[in-house]
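# Architecture at a glance
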Amino acid sequence: MSMKVYCALITAQLGFGAYGIIVTKFAKETKADPLVFCLFRDAGAFPVMMCAAFLVEGKLSFPSLRSIPLLMVLGLTGPFIPQLLFLLGVYLTSANMAAMFQPAVPVWSAFLAMMTGVEPPPKLTTSHGCAKVFGILLAVCGAMTMTLGKLHDTSSEKSWLLQDSSVGTQFLGCICLFVKTSSTAVYYIIQKKYIFNQSHSTWKKQPLAVTAWSYFFATIFLAFASLTYSNQPEKFTSFTKETFYCLLYAIVVSSTMCYLLLSWCNMQAPSTLVTCSWPLQSLFCALLSMICLGQSLQLLECAGGGLIISGLATVLWSTYKESEELRLHLKNEKTLC
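Residues numbered from 1 in each chain as written. Predicted model: local features only at pLDDT ≥ 70, side-chain atom pairs only at ≥ 80, totals over all residues. Heavy atoms only, no water.

### Describing the UniProt feature "transmembrane region" (unreviewed entry) in the protein chain
The residues that UniProt annotates with the feature "transmembrane region" (unreviewed entry) are residues 36–56, 68–92, 130–149, 169–190, 210–230 and 242–262. From the first C-alpha to the last, residues 36–56 spans 30 Å; its make-up is 100% helix and 0% strand. Annotated as 100% helix and 0% strand, the span residues 68–92 places its first and last C-alpha atoms 34 Å apart. (UniProt positions renumbered as here; feature names shortened; annotations may be inferred. Helix = DSSP H or I, 4+ residues; strand = E, 2+ residues; numbered from the N terminus.)

### Some thoughts on the packing of aromatic side chains
How two aromatic rings sit relative to each other is given by the distance of their centres and the angle of their planes. Applying the stated criterion across every chain yields a total of 14 aromatic pairs. Note on Phe46 and Phe216: the rings are 5.2 Å apart at their centroids and 45 degrees apart in plane angle, and the pair reads as tilted. Here Phe46, found in helix α2 (residues 34–57), pairs with Phe216, found in helix α8 (residues 207–225); they are 170 residues apart in sequence, far enough to count as distant. Classification of Phe46 by relative accessible area gives buried; the value is 18%. Ring plane angle 65 degrees and centroid distance 5.8 Å describe the contact between Tyr188 and Trp278, whose orientation is recorded as edge-to-face. Here Trp278 lies in the loop between α10 (271–276) and α11 (280–292) and Tyr188 lies in helix α7 (residues 167–196), a separation of 90 residues in the sequence. Just as Tyr188 is buried, Trp278 falls in that class too. Grouping aromatic residues by their ring pairs yields a cluster made of Phe16, Tyr187, Tyr188, Tyr215, Tyr259 and Trp278. The cationic tip of Arg41 hangs over the ring face of Tyr19; the distance from NZ or CZ to the ring centre is 5.4 Å. In this arrangement the basic side chain of Lys193 is found over the ring face of Tyr194, its NZ or CZ atom lying 5.8 Å from the centre. (Phe/Tyr/Trp six-rings, centres within 6.5 Å; stacked < 30°, edge-to-face > 60°. Buried < 20%, exposed > 50% of the residue type's maximum accessible area, 1.4 Å probe, protein only. Lys NZ or Arg CZ within 6 Å of the ring centre and 35° of its normal.)

### Regarding the environment of Leu316
Considering the arrangement of structural elements, one finds Leu316 in helix α12 (residues 299–336). Among the residues examined, Leu316 registers a relative accessible area of 32% and is labelled partly exposed. As a C-alpha pair, Leu316 and Gly135 span 181 residues in sequence and 8.7 Å in three-dimensional space. In this structure Leu316 touches Tyr6 and Leu273, once residues within four positions along its chain are discounted. (Contact = heavy atoms within 4.5 Å.)

### Here we look at α11
With 13 residues, α11 extends 18 Å from end C-alpha to end C-alpha; this agrees with the ideal 18 Å at 1.5 Å per step. Of the residues making up α11, those classed as buried are Leu280, Gln281, Ser282, Leu283, Phe284, Cys285, Ala286, Leu288 and Ser289. Looking at the residues trailing α11, positive phi occurs at Gly294, about 75 degrees. (Expected span 1.5 Å × (residues − 1).)

Okay, here's the thing in structure tokens:
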């Protein structure tokens, strides 16, 4: 596995981590409708992604009738559900509560990868098998520790959408965030199992085009969902300058750059390794908050950052040992033949 994969994973999580800072700095108080925001985000990202796919992959690919159902499922589980439910979760609870759920993504991914046969279960009889499980748990614990430190520092934070939010509203927001994290894991597992692991797939070597068309179908889903505002046209026009800055970043960086990089990484590396980079969002968000917003780092945040780095280093070592073991196995089989 090349160093390009690791650099791409770090870059993508840095882009996601900065998204929370952009929202806090420019759009937190505007309370733009999450459904309309996601519609504009995906509609704006699709043509940008198609241009990127044409420039990088050298052609414009269009889905066949046979591949449309798969791309629709990817659009539903990738851009549509996670983006919409993340914003709803933030609005109904708080940004800190939303951050607490993000470390669940690699746990869901590891579980689903083993259940669906995308990846074999880690061999707990070997050192690298135990290291993989331990590294994922260590990174997850690190991200949760960082979030707890942030919650302790800003314990009075309330819901963006409802200032006097009830327990029921908070619970609904947590449900949104729970479904969001599981849907993100499902997206990368489906992408890996039915596209990148299929030798006959026409999209196998086109991760950018796959992601672009997933966004196209997500935009259609959002457009249908937005029909609920057909009698409220002001929902589509009440965007402030601050919200526009946030939307522009979401289109260019969070959607186009980050999703394309992660799809390319999912083609090159195991899905568990791709989603294991998710806890880095908490680390980057904390560091950027200190640099851009002047917020001080708490002791728990520093400790959590150390756990994240240690956990990811352990997973990388485990992945390296697994690849070396597979290479030696294939070499021995070739020698015997």
